[in-house]
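What the coordinates show
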Amino acid sequence: MAGNSFGSLFRLTTFGESHGRAIGGVLDGCPAGLTLDLDAIQKDLDRRKPGQSAIVTQRKEPDTVEFYSGIFEGKTTGTPIGFAIHNTNQKSHDYSHIKDSYRPSHADYVYDQKYGFRDYRGGGRSSARETASRVVAGAIAKQVLSGIKINAFVSQVGELKLDKNYKELDFTLIESNPVRCPDPTAAAKMEEYIKGIKKEGDTIGGVITCVAQDVPIGLGEPVFDKLHAELGKAMLSINAVKGFEFGSGFAGVTMKGSAHNDQFNTDGTTKTNYSGGVQGGISNGMDIYFSVAFKPVATVLQAYDTIDKDGNPVKTKGKGRHDPCVVPRAVPIIEAMTALVLADFTLLNRTIKL
């Protein structure tokens, strides 16, 4: 299986399956001499872990990361950082009913067709549990990017949308509720809605908005490796993501160029920021902001029609522990992938000038 690595100089390779002994990764390219805050890394993992509230999967995993290399006396050595998160609460029997059949809109069918074999327990390698490894690496990347602030938050669940500009929000409130929406009123409505969806045995999608502030000018490479293109790739590599909208996004098509152009101030900043902090594929020093859309989780705890491995129609019902809405737990994943992209471009930038 190819495609298990992400990044150029700051490069992460992940391994493991949802119901295997462990998941983990190897992070290469981290500069030597960086004093790591291991508690901060674990804190980000705790934000992603299952069982943290009533509106997420009730799988109980401590998700404690263990580091095996690349760190000595609290500092990075410049060698590959190897780490693992051991799985302790698998219930593989919950998936025996799909051993020979496929969940609609899940990776089950295409994995079987591509490889001729699949780990049906929790989706195996296609499980979103793999993203825990990204959160570890992203938490390290955040510490490489000490001057850059990255904040992601839930801005929509189903049709419940937070209609506020991110500049009107208090990011310190993101962690004040299980939805991770910085508007308490909207968060309460979203939470009750998710609970109702869960009672129905159904799922719902949502949107996460991310803002990166104090990003220096010059990150990103023209043509194929544009900054926003790499951010798009990073986000679209996350399980269940169906859309990526950057800067003014699709709404920008309704504007005339004279209104959409970000006029300069004398110090090089811009009066508006429809560009989303990137021009010509290169960061311009303004806030970088984008939104990521997540589909409803494919596994619903209801009866549904599908086919078995021989193409015969069968009826089955979802079982096990699943998120009714993935976006609350996906917030740290979005932040992690953003940090990985920015850290990689930061190191690349060090190679272009004397």
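Our subject is the structure that appears above.
This section reports on the structure supplied with the text. (Residues numbered from 1 in each chain as written. Predicted model: local features only at pLDDT ≥ 70, side-chain atom pairs only at ≥ 80, totals over all residues. Heavy atoms only, no water.)

**What to know about a nonpolar patch on the surface**
A contiguous nonpolar patch, built from Tyr109, Val110 and Ile307 and spanning about 260 Å² of accessible area, is present on the exposed surface. Within the fold, Val110 resides in helix α2 (residues 108–115). By relative accessible area, which is 51% here, Val110 ends up exposed. (Patch = residues over 30% accessible without salt bridge, like charges linked within 9 Å, V, L, I, M, F, W, Y side chains within 5 Å. Areas by Shrake-Rupley, 256 points an atom, 1.4 Å probe, with all protein chains shown as cover. Salt bridge = Lys/Arg side-chain N within 4 Å of Asp/Glu carboxyl O. Helix = DSSP H or I, 4+ residues; strand = E, 2+ residues; numbered from the N terminus. Buried < 20%, exposed > 50% of the residue type's maximum accessible area, 1.4 Å probe, protein only.)

**Observations concerning the packing of aromatic side chains**
All told, the structure shown has 7 aromatic pairs when counted by the stated rule. When the ring of Phe244 is compared with that of Phe246, the centres are 6.2 Å apart and the planes differ by 35°; the resulting orientation is tilted. Pairwise contacts between aromatic rings join Phe244, Phe246 and Phe290 into one cluster. (Phe/Tyr/Trp six-rings, centres within 6.5 Å; stacked < 30°, edge-to-face > 60°.)

**Looking at the pattern of salt bridges**
A pair can form between side chains of opposite charge whenever their charged atoms are brought close. Here the structure, examined in full by the defined rule, presents 16 salt bridges. Here Asp214 ties to Lys149 by a salt bridge, and the two come within 2.3 Å at their closest N and O atoms. In this pair, Asp214 is assigned in the loop between β10 (206–213) and α5 (227–236) and Lys149 in strand β8 (residues 149–157), connecting sequence segments 65 residues apart. A relative accessible area of 41% means that Lys149 is categorised as partly exposed. Taking the shortest distance from any N to any O, the salt bridge between Asp305 and Lys315 comes out at 2.9 Å. Placement of Asp305 in strand β15 (residues 303–307) and of Lys315 in strand β16 (residues 313–317) is noted, with a sequence separation of 10 residues between them. Note on accessibility: Asp305 and Lys315 belong to one class, exposed.

**Things to note about the packing of helix α3 (residues 131–144) against helix α7 (residues 327–349)**
At a minimum axis separation of 8 Å, α3 and α7 run at an interaxial angle of 50°. Judged on the interaxial angle alone, α7 and α3 are oblique. Crossing angle aside, the handedness with which α3 passes α7 is left-handed. Residues Thr131, Arg134, Val135, Ala137, Gly138, Ala141 and Lys142 of α3 lie in contact with α7, whose contacting residues are Pro332, Ile333, Glu335, Ala336, Met337, Ala339, Leu340 and Ala343. Classifying every residue of the contact of α3 with α7 gives 10 nonpolar, 2 polar and 3 charged. (Axes fitted to C-alpha atoms, helices over the stretch in contact; angles between N-to-C directions. Parallel < 35°, antiparallel > 145°, perpendicular 65-115°, else oblique. Left-handed = near helix turned anticlockwise from the far one by under 90°. Contact = heavy atoms within 4.5 Å. Nonpolar A, V, L, I, M, F, W, Y, C, P; charged D, E, K, R; others polar.)

**A look at the side chain of Arg134**
Within the element layout of this structure, Arg134 appears in helix α3. Each residue touching Arg134, except ones within four places of it in the same chain, is listed here: Leu12, Ala234, Ser237, Ile238, Ala336, Met337 and Leu340.

**Some words on the sheet that holds strand β2 (residues 11–16)**
Strand order across the open sheet formed by 5 strands is β1-β2-β3-β7-β4, with antiparallel pairing between neighbours. The sheet is open, and its two edges are formed by β1 (5–6) and β4 (65–67), each paired on a single side. With 2 bridges joining them, β1 and β2 adopt antiparallel strand pairing. When the bridges of β2 are listed, Phe6 appears paired with Leu12. (Pairing = 2+ DSSP bridges.)

**What about the state of the cysteines?**
Considering all chains together, one arrives at 0 disulfides under this definition. No disulfide involves Cys181; its sulfur sits 12 Å from the nearest other cysteine sulfur, which is in Cys325. Cys181 gets classed as buried once you look at its relative accessible area, which sits at 0%. (Disulfide = S-S within 2.5 Å.)

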